[in-house]
Amino acid sequence: MAATIPTRLLILSDTHGVDFSPEDRPQQYADVAIHCGDLSDGSELDEFRTAIQTLKSINAPLKLVIAGNHDFTMDIAAFQGKLAEAATPLEPELVAREYGTPGQARQLFEDAKNDGIVFLDEGTHHFALQNGAKLKVYASPYTPALGAWGFQYHPDKGRQFDIQEETDIVITHGPPKGIMDFTHGRERAGCPNLFTAVAHARPLIHCFGHIHEGWGARLVTWKDSGFDKPSHFTSIDNGNSPVIGKLAALRPNRFDSEEIAEEKQERLRELARNKCAVTSHRNQDQDPLEAGKETLFINAAIKGEEEFVQRPWLVDIELRKDT
C-alpha cells in the first residue's frame, strides 16, 4: 500500500468580493487552501484585490484559486462581448478604472504568487506540498447557463471535462448534477457532463460552490455498476452515502422538537467557535477516503441570504507521499 501523509484543506467559494470580518476569519493552519470561484460580485478590480487580501489572511502555504461566472473580466471573450453589447458605448477610461484592461484582473493574481496564491486555468495541475505529499488537481471554472457572464456554456451543448485517473481533487465552480445543486426553486442546477466525468474518475474530493443554497458536504460511495449512463440515480450507493452537513440541519423549522432545535443551535455555536465546518477522514478519526470507491463532495459557497452560517470547510485527508 502506498505511503500517505495527513493533509489539511481549507475550502471556500463565492466570497463575491467580501473579506471575512476579524471575528469570522478561520485561524486554523491548512496545507492547502482552495477557492472555488466567484472571487468577485461584479468583476471589479477592487473586488479582486479584496479577494487576494482574503487569501493572504488564510494560514496556508499554498492557495489554489479558480474563477467563477461573476469573474467575467477573466474570461476575455465574455468581457469584450459585454463591452460590445452595451446599449451606450462605454468610456474606455471608465471601464479601465473599474474593471481594468483585458488581462489585468488575472495579472493581479500572477503578482500574488509570492504569497502562495496560484490561479488555475482549466485542466490538470500537479503540486508537491510542503508536508511531503503530492497533489493532483483538475480545475474548471465553467458552468452551464444561458446568461452573458463568464466561463459559461449552453446547457444543450454541454461541455467535456477531461478529468484524469488518479486525480486527488476536482475543483470546479459549479456542482455536478444531483449533488448539492438544488436551487431555492427546487431545481437541480448542476451539470450532467460534470457528473459523468467525476463518476468515471472518482477523485477523493470534488469541491465547488455557485449554488449558494447547496452549501454542505456528502461522502459518496460509488456503485460498481450503472456507468453506461452515469447519474446520481444509477451510480451512487445512496444507502452508504451519508450527508455530513447541509443548511437544513442548521436552519430552525417550526416543526422542530425542542431537542432538534437545540441540536441545530449547538451546530451553529460549533461553527461560530471553529469559524469553519470540520470533517476528518484520517486514520485517527475516521477511515481514510478509499480511492476509487469514495468521493467527498463539498459545496463551499459561503455567501448566503441570511446571517453568516455558511462557513468554509476544514477537511483532513490522507494524500500520497511525494517520492
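One structure accompanies this document, and this report is about it. No experiment lies behind these values; they were computed from the predicted model shown.

Cut-offs applied
Residues numbered from 1 in each chain as written. Predicted model: local features only at pLDDT ≥ 70, side-chain atom pairs only at ≥ 80, totals over all residues. Heavy atoms only, no water. Core = buried A, V, L, I, M, F, W, Y, C linked by side-chain atoms within 4.5 Å. Buried < 20%, exposed > 50% of the residue type's maximum accessible area, 1.4 Å probe, protein only. Helix = DSSP H or I, 4+ residues; strand = E, 2+ residues; numbered from the N terminus. Contact = heavy atoms within 4.5 Å. Polar contact = N/O pair within 3.5 Å; in protein donor to acceptor, adjacent residues only side chain to side chain.

1. Considerations on the nonpolar core
Residues Ile11, Ile171 and Ile205 are the most contacted members of the largest nonpolar core, which totals 38 residues. Here this core takes four residues from strand E15 (residues 313-320), the largest share from any one element. The contacts of Ile11, once residues within four sequence positions are left out, are Ile34, Cys36, Cys207, Ile298, Ala300, Pro312, Trp313 and Val315. With 26 residues, the next largest nonpolar core counts Ala30, Ile52, Val65 and Phe151 among its residues.

2. Topic: unusual backbone geometry
A positive phi angle, close to 50 degrees, is found at Phe151, a residue other than glycine. Inspection of the secondary structure puts Phe151 in the loop between strand E7 (143-144) and strand E8 (152-153). The class of Phe151 is buried, set by a relative accessible area of 9%. The phi angle at Arg186 is positive, at roughly 60 degrees, despite the residue not being glycine. Tracing the backbone shows Arg186 in the loop between strand E9 (169-172) and helix H5 (192-201).

3. Considering the side chain of Thr7
With respect to the secondary-structure elements, Thr7 resides in strand E1 (residues 4-12). Polar side-chain contacts of Thr7 include one of 3.1 Å to the backbone oxygen of Ile5.

Honestly, it's all geometry; don't read function into it.
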